[in-house]
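Structural description and commentary
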Amino acid sequence: RFDVCPQFCQVQIRNPSARAVTVRKFTGESCLNQFQECEECVSGRWGGRCERDCPAGCVGSREGACDRMGNCIGPCVLGYYGAHCDRHCPRACPRCLKVNTTVNGRFAEEG
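Residues numbered from 1 in each chain as written. Predicted model: local features only at pLDDT ≥ 70, side-chain atom pairs only at ≥ 80, totals over all residues. Heavy atoms only, no water.

**Structural notes on the overall build of the protein**
Each helix and strand in the protein was counted, giving zero helices and nine strands. Counting only residues that meet the buried cut, the protein has 30% of its 111 residues in that class. Long-range pairs, those at least 24 residues apart, make up 25% of the contacts in the protein between residues at least 6 apart in sequence. As displayed, the protein has an accessible area near 7,700 Å², and 50% of this comes from carbon and sulfur atoms. (Helix = DSSP H or I, 4+ residues; strand = E, 2+ residues; numbered from the N terminus. Buried < 20%, exposed > 50% of the residue type's maximum accessible area, 1.4 Å probe, protein only. Contact = heavy atoms within 4.5 Å. Areas by Shrake-Rupley, 256 points an atom, 1.4 Å probe, with all protein chains shown as cover.)

Following this line, the structure appears as structure tokens:
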């Protein structure tokens, strides 16, 4: 059924008067958007219906381990890099860059 919330979905409930956001996991109510996808996934899950685990190389952050596309939000575990933290760093550089970036105004390539 599409009207019941999948196991790993959750939804944010905003309370404007309290300026707070409450995150609740639903198990028997709808939490799907107009595309029949989850509004939000519990930490550690991703996908339209939160059907996939975040990559094992993701280190969690306050926002979770990965985004809706499976890209790691925080850093990678030591020795890995890439958007999914699934690529091995070169042996001579175990603390490599997660993604392409700028360091001191200069381009630095991932890896």
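Let's pick the thread back up.
**Digging into the state of the cysteines**
Inspection of every chain in the model, using the stated rule, returns five disulfides. The disulfide bridge from C9 ends at C38, spanning 1.5 Å between sulfur atoms. Of this pair, C9 sits in strand 1 (residues 9-15) while C38 sits in the loop between strand 2 (20-25) and strand 3 (40-41), and the two are 29 residues apart along the sequence. Across this residue pair, the class does not change: C9 and C38 are buried. Note that C54 is cross-linked by a disulfide to C66, the S-S spacing being 2.0 Å. The chirality of the disulfide connecting C54 with C66 is left-handed, given an S-S dihedral of about -75 degrees. Pair noted here: C54 is in the loop between strand 5 (52-53) and strand 6 (80-81) and C66 is in the loop between strand 5 and strand 6, with a separation of twelve residues, a long-range link. What makes C54 buried here is its relative accessible area of 11%. On the accessibility criterion, C66 (9% relative accessible area) is buried. (Disulfide = S-S within 2.5 Å.)

**Some details on the packing of aromatic side chains**
Tallied over the entire structure, the rule returns zero aromatic pairs. Positioned above the aromatic ring of F8, the side-chain terminus of R45 is 3.8 Å from the ring centre. (Phe/Tyr/Trp six-rings, centres within 6.5 Å; stacked < 30°, edge-to-face > 60°. Lys NZ or Arg CZ within 6 Å of the ring centre and 35° of its normal.)

**Observations regarding the confidence of the model for the protein**
Of the residues in the protein, 68% have a pLDDT of 70 or more, and the chain-wide mean is 77. Ranking the elements of the protein by mean pLDDT puts strand 2 last with 54 and strand 5 first with 94. (pLDDT = per-residue confidence, 0-100.)

**Side note on the environment of Y81**
With respect to the helices, strands and loops of the structure, Y81 is situated in strand 6. Classification of Y81 by relative accessible area gives buried; the value is 10%. Sequence separation of Y81 and C96 is 15 residues, and the distance between their C-alpha atoms is 6.7 Å.

**Observations concerning the environment of Q10**
Tracing the backbone shows Q10 in strand 1. Classification of Q10 by relative accessible area gives buried; the value is 12%. Considering only alpha carbons, one finds Q10 and C41, 31 residues apart in sequence, at a separation of 5.5 Å.

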